[in-house]
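Fold and contact review
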Amino acid sequence: MNDVEISIPSDHVFERIVRDSALVLARHMGFDEDRTADLQLAVSEAVTNAIEHGNKGRIEIKVGVRFLLQNDRLSIRVIDRGGVLPHLPHGAQPHIEDKFADDTPRGLGLFLIEQLVDGVEMRSNDGCTEFTMWFDLKQTPAGGDAPAGPAGQEESL
Amino acid sequence: MSILIEQLGSLTIVRILTDSVDALSAKEIEAAAGQLRDRTALDFGKVLFINSAGISALLKLVIEARKQGKKLYALNVTAHHRKVFEMVDMLRYMPLTTLEDLQAAAT
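Residues numbered from 1 in each chain as written. Chains lettered and ligands numbered in written order. Predicted model: local features only at pLDDT ≥ 70, side-chain atom pairs only at ≥ 80, totals over all residues.

**What to know about the sheet that holds strand S1 (residues 3–8) of chain B**
Residue and element names in this part refer to chain B. Applied cut-off: A pair of strands is labelled paired if DSSP reports no fewer than 2 bridges between them. We count a stretch as a helix when DSSP gives it H or I for four or more residues in a row; a strand needs E for two or more, and each element gets its number in order from the N terminus. Here the axes come from fitting lines to C-alpha atoms, over the contacting stretch only for helices, and the angles between their N-to-C directions go from 0 to 180 degrees.
One open sheet holds the 4 strands; their spatial order is S1-S2-S4-S6, and the pairing between them is mixed. Edge strands, defined here as strands with exactly one partner in the open sheet, are S1 and strand S6 (71–75). Going across the sheet, the axis of each strand differs from the next one's by a mean of 20 degrees, ignoring polarity. Across 6 bridges, S1 lies against strand S2 (residues 11–16) in antiparallel orientation. From the neighbouring strand, Gln7 faces S2, where its bridge partner is Thr12.

**Focus on the sheet that holds strand S4 (residues 119–125) of chain A**
All names here are of chain A. Taken in spatial order, the 5 strands of this open sheet run S1-S2-S3-S5-S4, and their pairing is antiparallel. The open sheet has two edge strands with one neighbour each: strand S1 (3–9) and S4. Geometrically, the sheet is characterised by an average inter-axis angle of 15 degrees between neighbouring strands, direction not taken into account. Here strand S2 (residues 62–70) runs beside strand S3 (residues 73–80); their pairing, made up of 7 bridges, is antiparallel.

**Notes on the interface of chain A and chain B**
Keep this limit in mind: We call two residues in contact whenever the C-beta atoms placed from their backbones are within 7 Å. Three classes are used: nonpolar for Ala, Val, Leu, Ile, Met, Phe, Trp, Tyr, Cys and Pro, charged for Asp, Glu, Lys and Arg, and polar for all others, with Gly counted as polar.
Each partner contributes residues to the interface: chain A has 20 residues there, and chain B has 20 residues. Sorting the residues of the side of chain A that touches chain B by element identifies helix H1 (12–29), helix H2 (33–54), helix H3 (96–100) and helix H4 (109–116) of chain A as the ones contributing at least two each. Here the side of chain A that touches chain B takes 7 residues from H2(A), the largest share from any one element. In the side of chain A that touches chain B, the residues fall into 9 nonpolar, 6 polar and 5 charged.

**What to know about the packing of H2(A) against H4(A)**
The angle between the axes and the distance between the axes are what describe a pair of packed helices. All names here are of chain A. Using the following cut-off: In this scheme, a crossing is called left-handed if the near helix is turned counterclockwise away from the far one by less than a right angle; it is called right-handed if the turn is clockwise.
Two numbers describe how H2 lies on H4: the axes approach to 9 Å, and their chain directions differ by 145 degrees. Note on packing geometry: the crossing formed by H2 with H4 is left-handed. Residues Asp38, Leu41, Ala42, Glu45, Ala46, Thr48 and Asn49 of H2 form the contact with H4, whose own contacting residues are Gly109, Leu110, Leu112, Ile113 and Leu116. In the contact of H2 with H4, the residues fall into 7 nonpolar, 3 polar and 2 charged.

Rendered as structure tokens:
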């Protein structure tokens, strides 16, 4: 088995389930503490974005999350029914002073994702948005006891 | 209850009791804006996770402190949370310190 799929209603309480799953997965794969926290945060941000901006908080619409281990990469795909591609800041540092005039200072999530992961890809198709991010395992220090699989093959989660 | 407010002389300590500073706990953390004193320190000692919704709640405290001309500090921040705060330039407005340093500065 090389992938795990989770489907949650569009409510923030269920985002915690996905985040906890990411923690279990990272520990199983032997991520070190810092990279585990990176994975948890990036997953949290992508799922939060899907809940709020994709599915507009409509609890009856599901957010799909798929963790896929392939070759030397852990991919996380987050799917919502918004059909709108998020606008990536492409590394532009947020100006925190700009937030001071804002009653609801948000908009940091995609910036954080870009800082934490090794790559991002988006596509919109048939009313769905797929947001995929990945961690290159060769750049991810092991901190635990997970077995290292051979390069170029699918590995087991 | 996500926060506990303590007064140590002229210093206010806002102890964050939840392990997740996120969309679910944001409202209670934002409520600390009504408790700001001249010097207020947020204690992150029990916090295991912070995301951008949580950072947004913290930003509201930063904004309120600036409006009121008060100083805000962060205590017991993990290495990863420090990394994230640095990414969004938060520490410029909520510097890291220790309780000992704050108490020493008050004497």
